[in-house]
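Inside the fold
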Amino acid sequence: RLDKLKGVQTGELSLAVVTTAQYFIPHLVGEFSEQFPELNITFKVGNRAQTIERSVADEDDFYVFSHPPEDPDLELIDFLPNRLLAIAPERHPLTQQTAISLAEFSRYPFLMREAGSGTEHAVSDFLAEHQITANVRMTIESNEAIKHAVISGLGVSILSEHTLSYGGLSGLSVLSVEHLPIQTQWYLVRRKSRPMSPIAERFLSYVKQQGSQLFTSDQQFVVS
Ligand code: PGA
């Protein structure tokens, strides 16, 4: 019994998450690992395509996606909503409007994440569904760089609300554009055939119990 417990305390856990999850998964892992000070955690961050590659190669105990690949050998546990919001610089003319049509929004220069990103996948699907073409001015491989580019006036964008959490909203406004936000979910994902270590089992039940508490209502962005 003692040995088993020791195994749990000194185990290893490997996670690979999409870039947008880097804003909140470390907080979840931080709280979890307080109970296991000797736990050795590997934490990889990549875009959706890179994280899918790791899951195909069975590299990690868990993955975090909001657009998981279609793979029947993966188990998906949804644990948290993810909304993608329209953002503009604080002094943009659209911030004065309360009901912006998607057609009008799409006329402004748009900053898009790179192909292979889950955000790009969601935004492209959404625009195609509404038969809208974005006026893409730049493709940028990082949520943080997109935020800074929006603040500097290079364009507008659509990003996950999580990229705006923890004080990230200064200089930016969330716009109320029709059909937005895009509503998706965060999933903790594991390959069903991968044996679960005791610590992996603990982590799975921790996320099932605590994952939805992560983003409290005072951090939600009000879309006016
Ligand atoms: P991304 O992924 O960080 O590759 O944009 C986010 C997602 O899967 O929704």
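A brief look at the structure comes next.

Conventions adopted
- Residues numbered from 1 in each chain as written.
- Predicted model: local features only at pLDDT ≥ 70, side-chain atom pairs only at ≥ 80, totals over all residues.
- Heavy atoms only, no water.
- Buried < 20%, exposed > 50% of the residue type's maximum accessible area, 1.4 Å probe, protein only.
- Helix = DSSP H or I, 4+ residues; strand = E, 2+ residues; numbered from the N terminus.
- Arc of directions from axis to C-beta.
- Contact = heavy atoms within 4.5 Å.
- Core = buried A, V, L, I, M, F, W, Y, C linked by side-chain atoms within 4.5 Å.
- Phe/Tyr/Trp six-rings, centres within 6.5 Å; stacked < 30°, edge-to-face > 60°.
- Salt bridge = Lys/Arg side-chain N within 4 Å of Asp/Glu carboxyl O.

Focus: helix H2 (residues 25-33)
- For H2, every residue scored as buried is listed here: Ile 25, Leu 28, Val 29 and Phe 32. Buried residues of H2, seen end-on, are gathered within an arc of 95° and therefore sit on one face of the element.
- Residues of H2 that are buried in the fold lie against strand E1 (12-18), strand E2 (40-46), strand E3 (62-65), strand E4 (74-89) and helix H7 (198-210).

Re the nonpolar core
- Leu 13, Ile 25, Phe 79, Leu 188 and Phe 203 are the most contacted members of the largest nonpolar core, which has 32 residues in total.
- The residues contacting Leu 13, other than those within four sequence positions of it, are Phe 32, Leu 39, Asn 40, Ile 41, Thr 42, Asp 61, Phe 62, Ile 199, Ala 200 and Phe 203.
- Within the second largest apolar cluster, 21 residues are counted, among which are Ile 100, Ala 122, Ile 132 and Ala 134.

Some words on the packing of aromatic side chains
- Per the stated rule, a full pass over the model turns up 6 aromatic pairs.
- Judged by centre distance (5.2 Å) and plane angle (55°), the ring pair of Phe 32 and Tyr 206 falls under tilted. One end of the pair, Phe 32, is in helix H2; the other, Tyr 206, is in helix H7, with 174 residues separating them in the sequence.
- Judged by relative accessible area, Phe 32 falls into the buried class, the value being 1%.
- Through successive ring pairs, a cluster of aromatic residues spans Phe 32, Phe 36, Phe 62, Phe 203 and Tyr 206.

Considering the pattern of salt bridges
- Considering all chains together, one arrives at 9 salt bridges under this definition.
- Among the salt bridges present, the one from Asp 60 reaches Arg 54, with a minimum N-O distance of 2.8 Å.
- On the basis of relative accessibility, which here comes to 21%, the residue Arg 54 falls in the partly exposed class.
- Residue Arg 190 pairs with Glu 75 through a salt bridge whose shortest N-O separation is 3.2 Å. One end of the pair, Arg 190, is in strand E9 (residues 182-191); the other, Glu 75, is in strand E4, and 115 residues separate them in sequence.
- For Glu 75, a relative accessible area of 25% gives the class partly exposed.
- Each member of the salt-bridge network shares a partner with another, and the members are Arg 54, Glu 59 and Asp 60.

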